[in-house]
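# Survey of secondary and tertiary structure
Single-letter residue listing:
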Number of protein chains: 2
Amino acid sequence: MAEKIPYKIYLNEDEMPKAWYNVRSAMKNKPAPLLNPGTHEVMSAEDLYPVFCEELVKQELDDTTEFFPIPEEILNFYKMYRPSPLVRAYCLEQKLGTPAKIYYKFEGNNTSGSHKLNSAIAQAYYAKKQGLKGVTTETGAGQWGTALSMACSYFDLDCKVFMVKVSYEQKPFRREVMRTYGASVTPSPSMTTEVGKRILEAHPGTTGSLGCAISEAVEVAVGTPGYRYVLGSVLNQVLLHQSVIGLETKAALDKYGIKPDIIIGCAGGGSNLGGLISPFMGEKLRGEADYDIVAVEPVSCPSFTRGKYAYDFCDTGMVCPLAKMYTLGSDYIPAPNHAGGLRYHGMSSTLSQLYDDGYMRAVSVPQTAVFAAAEQFARVEGILPAPESSHAIKVAIDEALRCKETGEEKTIVFGLTGTGYFDMVAYEKFHDGKMEDYVPTDEEIAKSLSKLPKM
Amino acid sequence: MAEKIPYKIYLNEDEMPKAWYNVRSAMKNKPAPLLNPGTHEVMSAEDLYPVFCEELVKQELDDTTEFFPIPEEILNFYKMYRPSPLVRAYCLEQKLGTPAKIYYKFEGNNTSGSHKLNSAIAQAYYAKKQGLKGVTTETGAGQWGTALSMACSYFDLDCKVFMVKVSYEQKPFRREVMRTYGASVTPSPSMTTEVGKRILEAHPGTTGSLGCAISEAVEVAVGTPGYRYVLGSVLNQVLLHQSVIGLETKAALDKYGIKPDIIIGCAGGGSNLGGLISPFMGEKLRGEADYDIVAVEPVSCPSFTRGKYAYDFCDTGMVCPLAKMYTLGSDYIPAPNHAGGLRYHGMSSTLSQLYDDGYMRAVSVPQTAVFAAAEQFARVEGILPAPESSHAIKVAIDEALRCKETGEEKTIVFGLTGTGYFDMVAYEKFHDGKMEDYVPTDEEIAKSLSKLPKM
């Protein structure tokens with residue numbers, strides 16, 4: 001530890017990003033546009049206004065503007081929990097005996113416990129600015145719902161959360177956190193929406209899925225005056241807001257003249273990975289620098305590594321626009337034994353295009369290995385990671401051990417998106433040896449892919 | 001917000017404390033010594049060595065040395081999560097419409113979720129240095145057990161935790177966090193100790209108490225070669241380690257020329273309050289400054305406000321030394337409906353002496369008001385506070401509202417000791433209107449005080 005680099009690199013307030021970075025501005029091949037699910041025509045801004053806030057629609061469709069200034073109200077909120085620390089994992093390096101230098105950007109240091117708050121506060125702000133009464137959304141594990149509840153409470157907006165029923169029942173504490181922030185939480189599918197009734201009729205006793213909950217939240221938003229729908233991942237606007245992660249990371253690294261070789265992020269819908277890599281990817285696209293950029297996904301939900309790049313439905317009820325993305329098919333639901341999160345069938349259109357163009361690679365990892373890495377990390381670094389984040393930990397450790405073999409002193413940066421306080425049921429399973437891995441068969445994936453919309 | 005004071009004041013690594021401050025060195029009336037429970041003779045260092053680590057015994061008994069240098073290994077660990085932020089509660093001030101300036105020192109930004117880690121890592125370090133195999137301890141709500149598990153994992157020490165049975169059953173997630181860090185967790189009272197068997201025989205079906213768990217942990221420590229007992233509150237050594245909270249707070253305030261008028265901390269055994277106020281109390285004792293120092297306790301466990309200053313047992317099994325302290329009697333257990341923590345019958349000897357000498361005051365607050373303050377705080381400041389910490393929030397808000405009436409621009413500093421992620425059952429009760437307050441009757445307190453040891 002002869003270096004002058006502190007354990008945690010914090011930025012001063014004046015070093016913090018004042019604008020979000022739009023990685024699409026640097027892409028030659030732009031992400032494919034959203035299509036109307038009925039007509040297959042390109043969705044215009046006007047088509048999207050009934051669903052999303054106007055300002056957010058503009059951000060969604062704008063693939064040329066390089067920087068979007070962050071409104072002062074959002075900057076003020078960011079100051080309450082940002083900058084997040086960029087931590088040098090000295091203890092982990094020592095434990096592994098690797099010559100690699102490992103850094104992680106820790107986004108769990110806020111009550112929502114994850115990076116989701118970065119976009120939640122932005123979306124709540126624009127909803128308030130538009131004079132709306134409230135917003136609707138879905139949540140699975142609950143990180144997004146928690147973040148949005150906090151953000152809505154801050155701007156005095158009503159917040160209606162549709163929570164996947166199995167999580168609603170298994171994660172009562174997540175639910176209570178949302179209630180603490182004043183949100184109403186409905187288990188999905190519910191009898192409060194038409195699409196919910198339809199789904200319950202077709203599948204009585206279903207425990208729900210993210211796709212169902214999206215359909216319900218959209219229905220309520222469109223049908224309730226003064227409400228709009230908001231989403232915590234997948235969308236371009238979300239990646240834009242999450243670029244604050246990457247911008248801070250880059251500023252902190254630049255401050256000490258550190259150049260990363262490998263940048264690793266977990267990928268469900270792509271919100272964290274897209275945000276973390278944005279400014280680095282911008283350099284790579286402009287040919288100014290080269291980075292090995294790695295998306296990590298679970299073997300039980302392998303959108304990048306085993307999915308197809310195609311237009312698909314974003315939700316089960318098929319009420320949302322079609323998006324072109326790496327997808328396993330909108331019917332695909334990871335096996336019930338999957339506890340590791342990242343269970344969305346598709347992937348951000350922006351990341352899908354970048355992956356398809358060869359600017360990043362993807363690996364998939366089994367969940368028992370992910371929890372083993374999580375526990376190893378917790379014991380030396382003192383942070384209890386969320387299962388989702390631990391996918392990135394697993395691959396960072398693998399890369400560091402590879403450096404140990406080759407003697408390379410690579411600099412590895414990974415995103416630690418959140419904490420695992422509400423995931424102790426999964427940890428318990430792991431401790432008790434009751435956790436299993438699940439690898440979908442080719443037939444299973446082919447079956448759900450066979451239901452892709454005919455274009 | 002015209003001032004140049006940031007939302008969060010962080011210290012640089014070179015501004016962080018390098019030594020713990022021993023407030024006893026400034027006290028004219030020293031805290032009364034520990035006594036042998038059988039003979040009532042003053043306990044010497046040699047008497048205490050079978051129970052506690054040697055270095056810690058020295059710290060326990062030393063009331064003259066002003067500063068104890070923090071060993072480098074501990075400084076390195078502190079760097080992983082310290083300095084903790086001193087936050088200006090701009091949003092809370094605005095919501096209250098108060099001219100008061102409110103600051104809080106937030107100790108929840110580490111996986112243990114509370115300030116307990118500050119002493120846990122120190123106690124684990126000295127145990128390791130002495131060549132011990134492991135340590136034993138008790139935990140109630142689980143903050144201390146979690147912190148100690150983390151610390152022991154870091155130094156590769158075995159950690160045996162006796163967890164009050166009712167918490168063990170109601171807080172399975174806390175238990176899993178401890179297991180993640182490799183600790184063994186036994187519900188107390190248990191059949192693994194003589195004192196546990198005795199208690200279970202006398203009270204079959206008991207759900208345990210902190211006092212029982214202490215007795216069991218001490219028995220195992222004394223009876224197992226290579227083991228010692230460690231405790232997360234009450235003791236002088238704990239206040240010494242926790243002085244890092246106050247030293248950082250003072251350094252951060254001094255950095256911006258801020259002088260607090262009121263300093264508020266919640267008080268169960270006194271670890272947080274004692275640590276927070278140490279350097280300020282030092283100034284006050286030397287006549288260099290005056291501060292209004294306030295201890296906040298629950299009305300259902302009012303050691304300071306309704307207890308007696310007397311020698312008492314520290315544990316139910318009466319195996320520990322006697323301590324002179326404000327106490328409700330070692331038989332006293334708060335009503336079962338009490339969810340707000342801070343349930344120890346006694347109080348730190350150091351704080352008890354300072355309180356008795358008039359250097360600080362104490363107030364007691366009912367838990368429904370505490371949870372209402374917690375929720376109000378969460379919604380504007382974005383941190384989900386632990387019930388214990390929320391006692392300080394409640395009184396800080398009360399003081400700020402008093403300033404609103406009088407127009408005084410007082411500067412209020414309070415300790416926000418931890419997060420409430422594992423207390424959602426209590427929050428749920430509060431949300432559902434099922435939380436009740438309990439005020440013990442005079443007869444109840446008189447009854448448990450009647451069992452004080454005859455001196």
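A brief report on the enclosed structure follows. In this numbering scheme, every chain counts its residues from 1 along its sequence in written order. Here the convention is simple: chains get letters from A, ligands get numbers from 1, in the order in which they are written. Local features in this predicted model are restricted to residues whose pLDDT is 70 or higher, and side-chain atom pairs enter the listing and the counts only when it is 80 or higher, whereas totals over whole chains, interfaces and linings include all residues. Side-chain figures throughout are based on the complete set of non-hydrogen atoms in the structure, without hydrogens or water.

## Description of the sheet that holds strand β9 (residues 227-229) of chain B
For sheets, the rule is that strands pair by backbone hydrogen bonds, running either parallel or antiparallel. Residue and element names in this part refer to chain B. Short version of the rule: Any two strands between which DSSP finds at least two bridges are classified as paired. The helix and strand labels rest on DSSP assignments: H or I over at least four residues marks a helix, E over at least two residues marks a strand, and numbering proceeds from the N terminus. Angular values range over 0 to 180 degrees, each being the angle between N-to-C directions of two axes fitted as lines to C-alpha atoms, with helices fitted over their stretch in contact.
Across the sheet, which stays open at both edges, the four strands sit in the order β8-β7-β6-β9 with parallel pairing between neighbours. In the strand order of this sheet, the two ends are held by β8 (184-188) and β9, each with one partner. When strand polarity is set aside, the average angle formed by the axes of neighbouring strands in this sheet is 25°. Looking at chain direction, strand β6 (residues 134-139) and β9 are connected through three bridges and run parallel. Within β9, the position partnered with Val135 by the bridge is Arg228.

## Focus on the packing of aromatic side chains
As a reminder of what qualifies: Stacked, tilted and edge-to-face pairs are distinguished by plane angle, under 30 degrees for stacked and over 60 for edge-to-face with tilted covering the rest, among Phe, Tyr and Trp rings (Trp via its six-membered ring) whose centres lie within 6.5 Å. Note on exposure labels: buried denotes an accessible area under 20% of the residue type's maximum, exposed denotes more than 50%, and partly exposed covers the range between, all computed with a 1.4 Å probe on protein chains only. Ring-over charges, as used throughout, are those where CZ of Arg or NZ of Lys falls within 6 Å of the ring centre and within 35 degrees of the ring normal.
Overall, the coordinates contain 43 aromatic pairs over all chains when judged by the stated rule. With 4.4 Å between their ring centres and 25° between their planes, Tyr10(A) and Tyr10(B) make a pair best called stacked. One end of the pair, Tyr10(A), is in the loop between β1 (8-9) and β2 (19-21); the other, Tyr10(B), is in the loop between β1 (8-9) and β2 (19-21), on a second chain. Comparing Tyr10(A) with Tyr10(B), the two get one shared label, buried. Taking the centre distance of 5.1 Å and the plane angle of 70° together, the rings of Tyr125(B) and Tyr126(B) count as edge-to-face. On the basis of relative accessible area, Tyr126(B) is assigned to the buried category, the value being 6%. Members of the aromatic cluster, connected to one another through ring pairs, are Phe77(A), Tyr78(A), Tyr81(A), Tyr125(A), Tyr126(A), Tyr154(A) and Phe155(A). The aromatic ring of Tyr309(B) is capped on one face by Lys324(B), whose charged end is 4.5 Å from the ring centroid.

## What to know about the relation of the copies chain A and chain B
Quick reminder of the rule: When the copies are superposed, the least-squares fit draws on C-alpha atoms of residues that have pLDDT of at least 70 in both. Between two residues, a contact is recorded if the distance between any of their heavy atoms is within 4.5 Å.
Superposing chain A onto chain B takes a rotation of 180° combined with a translation of 0.0 Å along the rotation axis, leaving an RMSD of 0.0 Å. Taken together, these values place the two copies in the relation of a two-fold axis. The share of interface residues of chain A whose copies in chain B are also at the interface is 100%, consistent with both copies meeting through the same surface.

## What about the interface of chain A and chain B?
Under the convention used in this document: Accessible surface is computed with a 1.4 Å probe, and the buried area is the amount of it that two parts give up when combined, taken over both parts together. When a carboxyl oxygen of Asp or Glu lies within 4 Å of a side-chain nitrogen of Lys or Arg, that pair is called a salt bridge. For this scheme, ten residues count as nonpolar: Ala, Val, Leu, Ile, Met, Phe, Trp, Tyr, Cys and Pro. Four count as charged, namely Asp, Glu, Lys and Arg, and the remainder, Gly too, count as polar.
Listed as interface residues are 41 residues of chain A and, on the opposing side, 41 residues of chain B. Carbon and sulfur atoms make up 57% of the area that chain A and chain B hide from each other, which totals about 4000 Å². When the buried area of chain A at its contact with chain B is split by residue, Phe173(A), Thr180(A) and Tyr421(A) rank highest and sum to 18% of it. The interface formed by chain A and chain B contains four salt bridges. Notably, a salt bridge pairs Asp432(A) with Arg179(B), separated by 2.8 Å at the nearest N-O pair. Elements represented by at least two residues in the side of chain A that touches chain B include exactly α3 (72-81), α6 (143-154), α8 (172-180), α15 (367-381) and α17 (424-431) of chain A. With six residues, the single largest contributor to the side of chain A that touches chain B is α8(A). Classifying every residue of the side of chain A that touches chain B by side-chain character gives 20 nonpolar, nine polar and 12 charged.

## Considerations on the packing of helix α11 (residues 236-255) of chain B against helix α12 (residues 271-285) of chain B
Packed helix pairs are characterised by how far apart their axes lie and by the angle those axes make with each other. Residues and elements named next belong to chain B. Convention followed: If an angle is under 35 degrees, it is roughly parallel; if it is over 145, roughly antiparallel; if it lies from 65 to 115, roughly perpendicular; otherwise it is oblique. When the near helix sits turned anticlockwise from the far one by under a right angle, the crossing is termed left-handed; a clockwise turn instead gives a right-handed crossing.
Running from N to C, α11 and α12 point in directions that differ by 55°, and their axes come no closer than 6 Å. By the angle class used here, α11 and α12 are oblique. Crossing angle aside, the handedness with which α11 passes α12 is right-handed. Contacts between α11 and α12 involve Val238, Leu239, Gln242, Ser243, Ile245, Gly246, Leu247, Thr249, Lys250 and Leu253 on the former and, on the latter, Ser271, Asn272, Gly274, Gly275, Leu276, Ser278, Pro279, Phe280 and Glu283. Looking at the contact of α11 with α12 residue by residue, the classes come out as eight nonpolar, nine polar and two charged.

## Observations concerning the pairing of strand β13 (residues 322-327) of chain B
Residues and elements named next belong to chain B. Burial analysis of β13 places five of its six residues in the buried class, which makes it a mostly covered element. Of the strand pairs in this sheet, strand β12 (residues 308-313) and β13 are connected by six bridges, and their pairing is antiparallel. Across the sheet, Ala310 pairs through a bridge with Met325, a residue of β13.

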